[in-house]
Structure formats: C-alpha cells, structure tokens
Amino acid sequence: MNQMINRRALLRAAGATAVVSNMAAIDALSQPSFASELARGEKSVILLWLAGGASQLETWDPKPGRLTGGPFSKIQTCIPGVEISELLPKMSTRLDETAIIRSLNTKIGDHGQAYELMDRGRVGEPGVRFPHLGAIISHELGQIDSRVPDYVSMYTSTEGRRQGSAGFLGARYNPMFLTEKMMPENIGRHDAISQVDHQDRAALRDFLAKRFVRDLKNPSVHSHENAYERVHGLMACDYLFDIDKEPQSMRDHYGPTQFGQQCLIARRLVEAGVPFVKVARAWWDSHGQNFETHQELCADLDQCMSALLDDLKQRGLLEKTLVITLGEFGRTPQINGSLGRDHFANAWSCTLSGCGIRGGVVHGKTDEDGQSVVEGEMNAGDLFATIFAALGIEHDKEYMVGSRPVPLSDFGSTPCREVLA
C-alpha cells in the first residue's frame, strides 16, 4: 500500500467519493499492511474510567492475610516478584505491557471534587475553566482537518454521567458524549433521502462551495467550509460504532458485556484516528458488599482490558495507544459494617499500558495494611505529567489564558521517569 495513504486519508476518501463504501473502509482497515501503516501514525489514548472508585486491594495492591486484606488472595504475575489480586487472572499474564502505580495520594474523597481533580489534574480555581484530560489530548494530538471525532466519551452504563469539558480550549474540543446508546444520535442520513441522492447533493454542494471559496477569499467562508466538512465527516464515521461489522470471534474475545462492546468500539475509534476515547464502567462505589461487587466488576475489567491490550498489540497499535485505568479515588483499607469499603484517596492505584510506558514496572509502595504511601508518592499533577510525557507531549507547555500562562500539568508537577520507556 502506498505509504502516503493513512487512516485519515482513507476516511477522507470514503467521505468524499461515492464509490468507496463504509464496508470497503472496514475491509481496508483489517488488512495487515494498513494496520502496519497505522502503527506509524498518530498517538491515541483509551481511558478505562472505573466510575465510583475501584478498590486497590481487590485489584492492583492486594494485602491478603491482613485485617484490611479481605477474603481474596494474590497471584503471581508474568513479572517476577509482582503480585496482583486473584480477581485479575488474565491481566496477571499481560503485565509486560503495563506499569502499576500503587502510590497515588490525591487527598480528595468526595465524588464530585475528586472527579474534577482526576479529570483535570489540578484543583479548580474561580474564574478559570481548566480543560479536562480528553480535551487536552484532543488539542495536542488531534488534526484540525480531521473527519473523525477528536474526543469520544461513552457513559452509557454508569452513575453520574460526568461529561467533561474543554474549558478555556473551547467547544471544538468538547467530547462526543454517548449516554443512551452506543451509536451517536442525529448523524445518520435521513430516511427520506436515498444514498444516491445524498451523494449527488454532496457532490453538487462540493462543486459550488469550492468555486465560492475560490472566488471569495474570506476567512469566515473558509471557517464555515471547515465546519461543514467536519460535520460531513462525522456523518460518514457512524460505522465505527457498529461492532456487528467485526467478526464474531473478535466480539467473543471482548465478551458480551456493554463494557466489552464499548472497549471494542474504542479500539475501532483509535484505529481510525480518534485521539482520545473514554469508556466508563459503573458501580465500583462499593460501600456495601464490596467483595461480591468486585468479584463481578473485576471479572469484567479483567476480560475487557486483557482483550483490548491483546487486540491493540496484534494490530501494532499498542505502541501508539496509551491505555489508562483510573477512577476518582480508591477504597478504604478498613472494612465497614456492611462489608463495604468507603472512599479513600490517600493510598490508591492506577495502571498505564502501551504507548511510552515501561511495562512490568511497579511504582510506589503502601504500608502493610494499605493505609498510607511509604514510597514514591504521586499526586494528580504528577500523573498527568507522566501521561503527557508517555505521549511525547511537553508536560510544562503553557497555554495562554488572557495574559496568564497555564501549563498543561499543574505547577510543580513532574513525570514519573520510572514508568516511562
């Protein structure tokens, strides 16, 4: 395949001509040569958001045998000396692409404030609308002429449904926010218009618009034309959300749950050039029956995360895609009277996999009961700086908000070099 062809070129072709169908685009995306080309393309992020706050003790930092440890054991992973909860057996064999951070201390245990902190990397300030992580990544990695969304957020199966905001970056970087269905609404062709009519109208409009733009050299006209092309491109990418176009074996690999289906959509989106995709999984807020809850949720996370990493790796995309598992906080080491764990932000865990990450690394350490960080403490700003560094983005680059410089990661933040490749 001509090396000048890339995923966005393919999508432009699919949207601009009448002879390239969506199925043809899917066929091309599945070809090994095209997958190889994608591997040399732009970087992306898939954020697996564990809404409500997963327990670090039932996932990445188990403490079996302690009063705080709960009923589950730990298992050896493929990395010598590294053990995780027995509830994640598939991930235990795939840590060679993943770094575990066991030393987050973000201090805020309120859902709303903690969500804002972990989605902006800093505490809010009056008068400044800081952008969320997805908007920053979209701004830094997106293409101005992209015909696919820059930022897709799937929140169809979670409480809260926190949308996120582009803040001072502007509405251009707000997410395509899916809450009710996995397919975006209002981007399909109207039933009263045939495919042929739709294509003919687009061709006529394109002919007239090009002549108008050529004769009237006005920035407003160019801006309008860019906006139209972007909307037209979004309409042409609806197939990316249709997992029925994937082989049954691939759908089985991700599993039957909605979280699995959305992780598969996330892979399809980053493969097509979407810089940032967030997939939220609900109900981790286990104030009661924490252990039964985590048996169910960890099984889903284990299946979907391992399938996603496998799929990205087989397509040569993992080295260009950073996969993050994160929530607003962790859970208390103490087990309450309802056999639950409450909010806890002083010593909790997250993971980073793929792009720019040194796999098999465990950063930080908590004490024997998981009550506090004893080594390698990391705050939200440091985590954001590490994410930006993994993607090759300068974490201390500054935006100007009026006359005020605002760095991408909070003032004083530093990347964690231990987990960077």
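Refer to the structure presented above.
Since this is a predicted model, take the numbers as computed values, not measurements.

(A) Representation of the layout of surface pockets in the model. Within this model, the second largest pocket holds a volume of roughly 300 Å³. Lining the second largest pocket, in full, are D61, P62, K63, K74, G81, V82, E83, R102, V362, G364, K365 and T366. Taken together, the residues of the lining of the second largest pocket sort by class into 3 nonpolar, 3 polar and 6 charged.

(B) Quick peek at the packing of helix α5 (residues 111-120) against helix α12 (residues 380-390). At a minimum axis separation of 8 Å, α5 and α12 run at an interaxial angle of 30 degrees. Between α5 and α12, the angle is such that the two are roughly parallel. Between α5 and α12, the contacting residues are L117, M118, D119 and R120 on the first element and A380, L383 and F384 on the second. For the contact of α5 with α12, a count of residues per class yields 5 nonpolar, no polar and 2 charged.

(C) Summary view of empty space enclosed by the protein. On inspection of all chains with the given rule, the structure shows 3 cavities of 30 Å³ or more. As for the largest cavity, its lining consists of 15 residues, of which L50, A54, W60, G327 and S349 are closest to the centre. Mapped onto the lining of the largest cavity, the elements with two or more residues apiece are β8 (321-326) and β11 (348-354). The leading source of residues in the lining of the largest cavity is β11, at 3 residues.

(D) Structural detail: helix α10 (residues 258-272). Helix length check: α10, at 15 residues, gives a terminal C-alpha distance of 21 Å against a target of 21 Å (1.5 Å per residue), a fit within 8%. Of the residues trailing α10, G273 is marked for its positive phi of about 110 degrees.

Parameters at a glance
- Throughout this document, residue positions are counted from 1 along each chain, in the order its sequence is written.
- Selection of residues for local features in this predicted model requires a pLDDT of at least 70, selection of side-chain atom pairs for listing and counting requires 80 or more, and totals for whole chains, interfaces and linings are taken over all residues.
- Hydrogens are left out, water is left out, and the side-chain values use all remaining heavy atoms of the structure.
- For cavity detection a 1 Å grid was placed over the protein atoms alone, and a set of points counts as a cavity when a 1.4 Å probe fits there but cannot get out; an open set counts as a pocket when protein lies on both sides within 12 Å along at least five of seven lines, with lining residues being those that have an atom within 4 Å of a point.
- Grid points are joined across faces, edges and corners, and a volume is the space filled by probe spheres set on the points.
- Under the scheme applied, nonpolar residues are Ala, Val, Leu, Ile, Met, Phe, Trp, Tyr, Cys and Pro; charged residues are Asp, Glu, Lys and Arg; polar residues are all the others, including Gly.
- Note on geometry: axes are C-alpha line fits, over the in-contact stretch for helices, and angles between N-to-C directions span 0 to 180 degrees.
- The secondary structure listing takes helices from DSSP runs of H or I that are at least 4 residues long and strands from runs of E that are at least 2 residues long, numbered from the N terminus.
- Each angle gets one of four labels, with under 35 degrees taken as roughly parallel, over 145 as roughly antiparallel, 65 to 115 as roughly perpendicular, and the rest as oblique.
- The contact criterion used is simple: two residues touch if any of their non-hydrogen atoms lie within 4.5 Å.
- The span one expects for a helix is its residue count, reduced by one, times 1.5 Å.

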